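Reading the structure
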Amino acid sequence: MAAPALPALLPYALTAGIGWMYYGRIRRQFGRQPWQPRRTLARIALLALVLVSLVLAGIFVPDAGWAVATGLASGLALGFYGVTLTRIEVAEGMRSYVPNPWIGGALSALLLGRLAWRVLHGGFMQQAGTGASPLTLAFAAALIGYYLTYSIALTLRMQRLATPTRLIE
């Protein structure tokens, strides 16, 4: 008897799962974060795949090319700026970093606000052919560009921190 109810609950379960993942992402914007190189490399690979799909969406969705390009350019610029605001620490023999919470948090809130706006105003139903809005794609490209640039630049900074420096006597 529970099987027919499962498809009806699936959208709510997926929404709750995505919300939980987003909560974890926003929570990692605050306070000292331990450096986890494998997780960061996996994040870079996943974000690169998402970026490829956004670029393809910019090519194939009408009027979305400039939106994706503008969002990506602003995300790259914010990523480079964000990594300069990041404080890197070595505490108790472990590398860690303290990210600036405002840039990543603002981009995340911007995308969530845009998605909520589209859901509340039936935006997903209006464009049944593509389901994509150039403005939403621009926000997504900015967010992906920011996190991809930030992760790569942070990895490079952490690798420089790991290489031993010799003192010249």
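Relevant structure appears above.
Residues numbered from 1 in each chain as written. Predicted model: local features only at pLDDT ≥ 70, side-chain atom pairs only at ≥ 80, totals over all residues. Heavy atoms only, no water.

1. Points about the overall build of the protein chain
The line we're drawing: Secondary structure elements follow DSSP: runs of H or I of four or more residues count as helices, runs of E of two or more count as strands, with numbering from the N terminus. Each residue's exposure class comes from its accessible area (1.4 Å probe, protein chains only) as a fraction of the maximum for that residue type: buried when under 20%, exposed when over 50%, partly exposed otherwise. Any two residues having at least one pair of non-hydrogen atoms within 4.5 Å are treated as being in contact.
Looking only at helices and strands, the protein chain features six helices and three strands. Secondary structure elements in the protein chain, listed N-terminal to C-terminal, are α-β-α-α-β-β-α-α-α. Within the protein chain, the fraction of its 169 residues that count as buried is 37%. Sequence separation of 24 or more characterises 75% of the internal contacts of the protein chain that already satisfy a separation of 6 or more.

2. Details of the packing of helix 2 (residues 37-60) against helix 3 (residues 65-84)
Counted only if it meets this: The convention used is that axes are lines fitted to C-alpha atoms, helices contributing only their stretch in contact, and that angles between N-to-C directions extend from 0 to 180 degrees.
For the pair helix 2 and helix 3, interaxial distance at closest approach is 7 Å and the crossing angle is 145°. In this structure, helix 2 contributes Leu51, Leu54, Val55 and Gly58 to the contact, and helix 3 contributes Gly65, Val68 and Leu72.

3. Some details on the environment of Arg32
Its location among the elements puts Arg32 in the loop between helix 1 (5-27) and strand 1 (33-34). Once the C-alpha coordinates of Arg32 and Ser96 are considered, the two residues, 64 residues apart in sequence, prove to be 6.5 Å apart. When neighbours within four sequence positions are excluded, Arg32 is seen to be in contact with Glu89, Ala91, Ser96, Tyr97 and Val98.

4. Some thoughts on the pairing of strand 3 (residues 94-98)
Quick note on the threshold: Two strands are said to pair when DSSP picks up at least two bridges between them.
For strand 1 and strand 3, the ladder comprises two bridges, and the chain directions are antiparallel. Each residue of the ladder has a partner; that of Gln33, found in strand 3, is Tyr97. Note: strand 2 (residues 87-91) against strand 3, five bridges, orientation antiparallel. Considered in strand 3, the bridge of Arg87 is made with Val98. From the end of strand 2 to the start of strand 3, which pair antiparallel, there are two residues, and Glu92 there has a positive phi angle of about 55°.

5. Focus: the nonpolar core
Short version of the rule: Nonpolar cores are built from buried Ala, Val, Leu, Ile, Met, Phe, Trp, Tyr and Cys residues. Side-chain atoms within 4.5 Å join them into one set.
Counting 28 residues, the largest nonpolar core has Leu54, Tyr97, Leu107, Leu137, Tyr146, Tyr150 and Leu154 as its most contacted members. If you list the elements that add at least two residues to this core, you get helix 2, helix 3, helix 4 (101-120) and helix 6 (134-162). Among the elements that take part in this core, helix 6 stands out by supplying 13 residues, more than any other. Those residues in contact with Leu154 that sit more than four places away from it in its chain are Trp35, Val83, Thr86, Ile88 and Tyr97.

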